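Coordinate inspection notes
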Amino acid sequence: MVFMTWSGYLSVGIEQIDTQHKHLIDLINALYDAMSKGQGKAAMENTLDELAKYTVEHFSAEESLMQKYGYSGYQTHKAEHETFVQKVVDFKKGFEAGKILLSIEVMNFLRDWTVNHIADTDKAYSQFFISKGIK
Ligand SMILES: [Fe+2]
Ligand SMILES: [Fe+2]
């Protein structure tokens, strides 16, 4: 079962960013798979690590574009990214230390945050970036 799917509803209208979002969703699905197939802790840690790294990479890419073109929503957008990254980092540490388990609640949180952020906060920059010729 696929845990989460990208659909046109999540498109921000900018190909390079849609591609990054699709990859992010693939990584969340990989983590879900690792959890539901009962993979070992080391395998789950690797997947989680990949997700955490790519999340930071994607957020940086968006923030660089916002800064480069002077997007007015930069500060609040960046703050949302930071809050999420902190949550992922805390979870990763807790998981590695054996204090937190990878649960469906954690997976639902990752999925819901990602969908809501793309659908609201990311989509809010669509017209601005498109008007700057970003593809
Ligand atoms: Fe995004
Ligand atoms: Fe974003």
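Since we're looking at a predicted model, the values are computed, not measured.

**Topic: the overall build of the chain**
- Along the chain, the regular secondary structure elements total five helices and zero strands.
- Counting from the amino terminus, the chain carries its helices and strands in the arrangement α-α-α-α-α.
- Since a compact globule built from 135 residues should have a radius of gyration of about 14 Å, the 15 Å found for the chain is in line with a globular shape.
- With respect to the principal axes defined by its C-alpha atoms, the chain has extents near 45 × 30 × 20 Å.

**A look at the packing of helix α1 (residues 15–36) against helix α4 (residues 104–122)**
- Close contact between α1 and α4 brings their axes to 10 Å; oriented N to C, the two are set at 170°. Accordingly, the angle class assigned to the pair α1 and α4 is roughly antiparallel. When α1 is examined against α4, the residues H21, L24, I28, Y32 and M35 are found in contact with a partner set consisting of M107, L110, R111, T114 and I118.
- Tallied by class, the residues present in the contact of α1 with α4 amount to seven nonpolar, two polar and one charged.

**Brief notes about the nonpolar core**
- If you look at the biggest cluster of nonpolar residues, it comprises 11 residues: L24, I25, L27, I28, L31, Y32, M44, L48, L102, V106 and L110.
- Elements that contribute at least two residues to this core include exactly α1, α2 (41–69) and α4.
- Broken down by element, this core gets its largest block of residues, six residues, from α1.
- Every residue in contact with I28, bar those within four places of it in the chain, is listed here: F3, M4, L51, L110, R111 and T114.
- In this structure, V12, I14, Y125 and F129 belong to the second largest nonpolar core, which totals five residues.

**Looking at α1**
- Along its 22 residues, α1 runs 31 Å from first to last C-alpha, staying within 8% of the 32 Å computed at 1.5 Å per residue.
- Within the sequence span of α1, burial applies to I17, H21, L24, I25, L27, I28, L31 and Y32. Considered in projection along α1, the buried side chains sweep an arc of 155° and stay on one side of the axis. Away from its buried face by more than 90 degrees, α1 exposes E15, Q16 and T19.
- Tucked into the core, α1 has its buried residues touching α2 and α4.

Conventions and cut-offs
- Residues numbered from 1 in each chain as written.
- Chains lettered and ligands numbered in written order.
- Predicted model: local features only at pLDDT ≥ 70, side-chain atom pairs only at ≥ 80, totals over all residues.
- Helix = DSSP H or I, 4+ residues; strand = E, 2+ residues; numbered from the N terminus.
- Rg over C-alpha atoms; globule rule 2.2 N^0.38 Å.
- Axes fitted to C-alpha atoms, helices over the stretch in contact; angles between N-to-C directions.
- Parallel < 35°, antiparallel > 145°, perpendicular 65-115°, else oblique.
- Contact = placed C-beta atoms within 7 Å.
- Nonpolar A, V, L, I, M, F, W, Y, C, P; charged D, E, K, R; others polar.
- Core = buried A, V, L, I, M, F, W, Y, C linked by C-beta atoms within 7 Å.
- Buried ≥ 20, exposed ≤ 12 C-beta atoms within 10 Å, placed from the backbone.
- Expected span 1.5 Å × (residues − 1).
- Arc of directions from axis to C-beta.

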